[in-house]
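Architecture at a glance
Chain residues, written in single-letter form:
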Amino acid sequence: MSTPTVGVLALQGDVREHFAALSAVGAQARAVRRPEELAEVDGLVIPGGESTTISKLAIAFGLLEPLRERVRAGMPAYGSCAGMIMLADKILDPRSEQETVGGIDMIVRRNAFGRQNESFEAALEVAGVDGGPVEGVFIRAPWVESTGARAQVLATYDGHPVAVRQDRLLATSFHPELTGDHRVHALFAGMVRTTLG
Ligand code: GLN
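Residues numbered from 1 in each chain as written. Predicted model: local features only at pLDDT ≥ 70, side-chain atom pairs only at ≥ 80, totals over all residues. Heavy atoms only, no water.

It is worth spelling out the sheet that holds strand 6 (residues 104-109) at this point. One open sheet holds the three strands; their spatial order is 5-6-9, and the pairing between them is mixed. The sheet is open, and its two borders are formed by strand 5 (88-91) and strand 9 (143-147), each paired with just one other strand. Each strand axis lies, on average, 35° off the axis of its neighbour in the sheet, ignoring direction. As defined by bridge partners, strand 5 adjoins strand 6 across three bridges and the pair is classed as parallel. Across the sheet, residue Ile91 finds its bridge partner in strand 6, namely Val108. (Pairing = 2+ DSSP bridges. Helix = DSSP H or I, 4+ residues; strand = E, 2+ residues; numbered from the N terminus. Axes fitted to C-alpha atoms, helices over the stretch in contact; angles between N-to-C directions.)

Right, here's the structure in full:
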C-alpha cells in the first residue's frame, strides 16, 4: 500500500492528535503552515480548534487562496469540527471577516448544539465506516444546516448532519482524532490513496 503524505494545517487547534491518527493509518503526516508546505502534500487535514482563529491565521500566513486553489484542483481534504466549518461553502452565523476555504456545498451553523450541551459524546453510525458505531466527541461543535445536491450525508445526530462527504472532501462535526478509533482517518487516507494511482 502506498504511503500518502498528508498535511495537517498547523495554525491552531488539535494538530498533534491528527498527526498520531494519520500515522496510525499508514500516512506520512506533515505540518502545513506555508504555501510551499501545502504544495508538497497529497491531502490535508484541517483540525478542530477555533474556526475564526484558523481563518484569521490562514489569511495572515497567505494560505487562504492557495488552500482554495488546491481544493478546487481536487486535493483531498478532511476537516473535523472547526475544520468542517473551514470546508463549508457557507457559514450561517459567521463572525465578521471570517472566511472559509469552502469546497463542500453545505451551510454550517457554528456552536449549534447549544450551551447546556456544548460538549458531549454520542455513538454514530457513519456510512463508509464498517465495524460498528463511531464514538463521536462533540466540543462546541457545528452542525450542518443544509446540504446541496453533491454533498452526501454520512451521519446524523438528532436529525442534523454531522458527517458529510463531497467527492474528495470529508467533514465531521465531531473529533475522531481524540478517541483512538482511527477508522475515519483510515477512510480519509483511502480517499488520498485513490488519487495517487
Ligand atoms: N466552536 C468552534 C468554532 O466555531 C469549533 C470547536 C471545535 O473545533 N472543537 O470554530
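There is more to say after this.
Our next topic: the site of the ligand. Around the ligand, a shell composed of Gly48, Gly49, Glu50, Ser51, Cys81, Ala82, Ile85, Arg110, Asn111, Ile139, Arg140 and His175 is seen. Arg110 is positioned such that a nitrogen or oxygen atom in its side chain is 2.8 Å from an oxygen atom of the ligand. Ile139 is positioned with one of its backbone polar atoms (N or O) 3.0 Å from a nitrogen atom of the ligand. In isolation the ligand offers 300 Å² of accessible surface; the protein chains occlude 95% of this area. Class assignment for the residues of the shell around the ligand results in four nonpolar, five polar and three charged. (Near = heavy atom within 4 Å. Polar contact = N/O pair within 3.5 Å; in protein donor to acceptor, adjacent residues only side chain to side chain. Areas by Shrake-Rupley, 256 points an atom, 1.4 Å probe, with all protein chains shown as cover. Nonpolar A, V, L, I, M, F, W, Y, C, P; charged D, E, K, R; others polar.)

To continue, consider the sheet that holds strand 10 (residues 152-157). Sheet architecture is open: seven strands sit in the order 2-1-3-4-12-11-10, paired in mixed fashion. The open sheet has two edge strands with one neighbour each: strand 2 (28-32) and strand 10. Strand-to-strand twist of the sheet, defined as the mean angle between neighbouring strand axes without regard to direction, takes the value 20°.

Another point: the pairing of strand 2. Bridge count between strand 1 (residues 5-9) and strand 2: five bridges; the pairing is parallel. From the neighbouring strand, Leu9 faces strand 2, where its bridge partner is Val32. Remark: the strand 1/helix 1 (residues 15-24)/strand 2 crossover connection has right-handed handedness. (Right-handed = clockwise from strand over helix to strand, strands pointing away.)

All buried positions along helix 1 are accounted for by Val15, His18, Ala21 and Leu22. One face of helix 1 carries all of its buried residues, which in axial projection span an arc of 125°. Each element contacted by the buried residues of helix 1 is listed here: strand 1, strand 2, strand 3 (43-46), strand 4 (77-80) and helix 6 (183-196). Gly26 sits one or two positions beyond helix 1 and adopts a positive phi of about 85°. (Buried < 20%, exposed > 50% of the residue type's maximum accessible area, 1.4 Å probe, protein only. Arc of directions from axis to C-beta. Contact = heavy atoms within 4.5 Å.)

Let us look at the nonpolar core. One finds Val126, Phe138, Leu170, Phe174 and Phe188 to be the most contacted residues of the largest nonpolar core, which totals 32 residues. Those elements that provide at least two residues to this core are strand 1, helix 1, strand 7 (119-124), strand 8 (134-139), strand 10, strand 11 (160-166) and helix 6. A per-element tally of this core places helix 6 first, with five residues. In this structure, Phe188 is in contact with Val6, Leu44, Val45, Pro76, Ala77, Tyr78, Arg168 and Leu170, ignoring residues within four places of it in sequence. Listed in part, the 31 residues of the second largest apolar core include Ala77, Ala82, Ala151 and Ala171. (Core = buried A, V, L, I, M, F, W, Y, C linked by side-chain atoms within 4.5 Å.)

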